[in-house]
Amino acid sequence: MSHPPKGPDRSVLLCGLLCVALAAGAALVRPLLGESRLVPSPSVLALIMGLLLGLVPAIQTHMVSAAKTVSKRAIPAAIVLIGFGMDLGPLLDGGALGGTLLVVLAGIVVAFAGALLAGKLCGLDPRASLLLGAGTAICGNSAIMAVAPTVEADEEDLGLAIGVINLLGVAMLFALPPAAIAVGIEGQAGGALAGLTVHAVPQAIATGEAFGPEAVEWATLYKLLRVAMLVPMVIVLALVVPSRSGTRRKGGGVGVPHFVWLFAVASALRASGWLDAELSIAGDTRPTWGWLKQSGSWLLAAALAAIGMTLHVPRLIRVGPRFLLAGALAVTAMVAVTMPLVIWLLG
């Protein structure tokens with residue numbers, strides 16, 4: 001006797017709606033906290049709200065499994081939508097990119113090597129160290145979440161890595177400018193250094209501003225070069241990181257999540273100009289790609305709220321410091337190697 005197909009799990013649907021509500025609440029609360037760049041983004045606020053909600057015993061009992069499902073389904077879609085906001089134009093202007101690409105690749109290799117070594121010293125799972133390496137090397141949250149399915153990282157490690165990378169990104173706003181100026185890196189070179197080392201795009205641009213108005217465009221350009229490495233980085237990891245079953249993913253795209261290819265397609269569509277037509281929604285006018293990117297940001301916040309609900313606070317307290325130390329060592333190694341390369345490239 002055949003059974004009718006099951007509809008969507010009610011607990012997953014309820015959890016999804018709850019996460020959307022938390023994301024909306026974070027978006028409403030963020031402007032009330034002031035314009036300081038030290039205030040967390042709406043996505044990070046949603047993560048914090050989800051974590052606090054996860055402290056409620058009933059949520060821990062009935063919602064954790066559903067929250068994991070919500071995050072796994074929402075993250076790929078969010079990454080693809082965010083891809084529509086990736087502007088490839090600046091990468092094609094300004095002359096030769098050979099030396100710049102060399103510096104970018106060197107920083108990425110050092111970030112991953114530093115994260116793996118520091119993670120081993122701190123007793124972290126290698127897959128967790130890869131999350132820290134991705135967030136340090138490429139573009140913070142987006143890179144971490146793009147890498148997580150590929151390396152089959154645990155949900156709790158994913159949340160911890162996101163928290164640590166955001167904390168270190170804020171710390172870099174204050175620590176990088178004086179360190180760079182102390183070794184003679186200023187102006188445009190300072191902006192390049194910010195773009196090459198700071199975790200998230202807005203953090204990199206804000207750090208570049210500390211080196212003067214002329215440094216902002218350089219910080220943006222070099223940060224976009226790192227962001228452009230997201231797809232090849234995930235492909236490489238898919239090919240070299242064994243699955244939890246012990247097998248190694250092999251060529252032909254096997255093991256590479258579909259959303260990685262869709263991310264590349266979204267970026268290409270943005271560059272083509274086909275999505276430049278402006279749309280007005282509720283009095284707000286943006287290009288079509290801008291609305292797609294914004295939708296990705298909202299979905300990302302909902303996914304982070306779900307991840308926050310899955311975090312186990314006692315483990316966060318116990319493991320968090322080791323994550324923080326490993327992340328700090330990784331970014332320190334990246335800055336130490338990148339500084340002389342920037343002096344060589346732009347000095």
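Asks: An account of the pairing of strand 2 (residues 284-287) is needed here, citing residue identities and associated values.
Replies: Direction of pairing for strand 1 (residues 278-281) relative to strand 2: antiparallel, over a ladder of four bridges. Opposite Ser-280, over in strand 2, you have Thr-285 as the bridge partner. Between strand 1 and strand 2, which pair antiparallel and follow one another directly, the connecting turn spans two residues, one of which, Ala-282, has a positive phi of 55°.

Asks: Can you lay out helix 4 (residues 64-83) for me, pointing to particular residues and giving the numbers?
Replies: Taking 1.5 Å as the rise per residue, helix 4 with 20 residues should run 28 Å; its terminal C-alpha atoms sit 29 Å apart, in good agreement. When the local axis directions of helix 4 are compared, the greatest deviation, roughly 25°, occurs at Ala-74, which is followed within four positions by the proline Pro-76.

Asks: Can you lay out the environment of Leu-193 for me, pointing to particular residues and giving the numbers?
Replies: If you trace the backbone, Leu-193 turns up in helix 9 (residues 187-197). Between the C-alpha atom of Leu-193 and that of Met-339, which follows or precedes it by 146 residues, the distance is 6.9 Å. Those residues within four positions of Leu-193 in sequence are excluded, and the remaining contacts are Leu-176, Ala-180, Ile-185, Thr-338, Met-339 and Val-342.

Asks: Can you lay out the nonpolar core for me, pointing to particular residues and giving the numbers?
Replies: Counting 81 residues, the largest nonpolar core has Leu-131, Leu-132, Ile-138, Leu-158 and Met-233 as its most contacted members. Here this core takes 10 residues from helix 8 (residues 155-182), the largest share from any one element. Among all residues touching Leu-131, those that are not within four sequence positions of it are Ile-144, Val-147, Ala-148, Val-151, Ala-153, Asp-157, Leu-158 and Ala-161. Grouped together as the second largest cluster of nonpolar side chains are 18 residues, Val-12, Ala-26, Ala-46 and Ile-59 included.

What counts as what
Residues numbered from 1 in each chain as written. Predicted model: local features only at pLDDT ≥ 70, side-chain atom pairs only at ≥ 80, totals over all residues. Heavy atoms only, no water. Pairing = 2+ DSSP bridges. Helix = DSSP H or I, 4+ residues; strand = E, 2+ residues; numbered from the N terminus. Expected span 1.5 Å × (residues − 1). Bend = angle between axes of the 7 residues up to and from the residue. Contact = heavy atoms within 4.5 Å. Core = buried A, V, L, I, M, F, W, Y, C linked by side-chain atoms within 4.5 Å. Buried < 20%, exposed > 50% of the residue type's maximum accessible area, 1.4 Å probe, protein only.

Coordinates in, geometry out; function isn't part of it.
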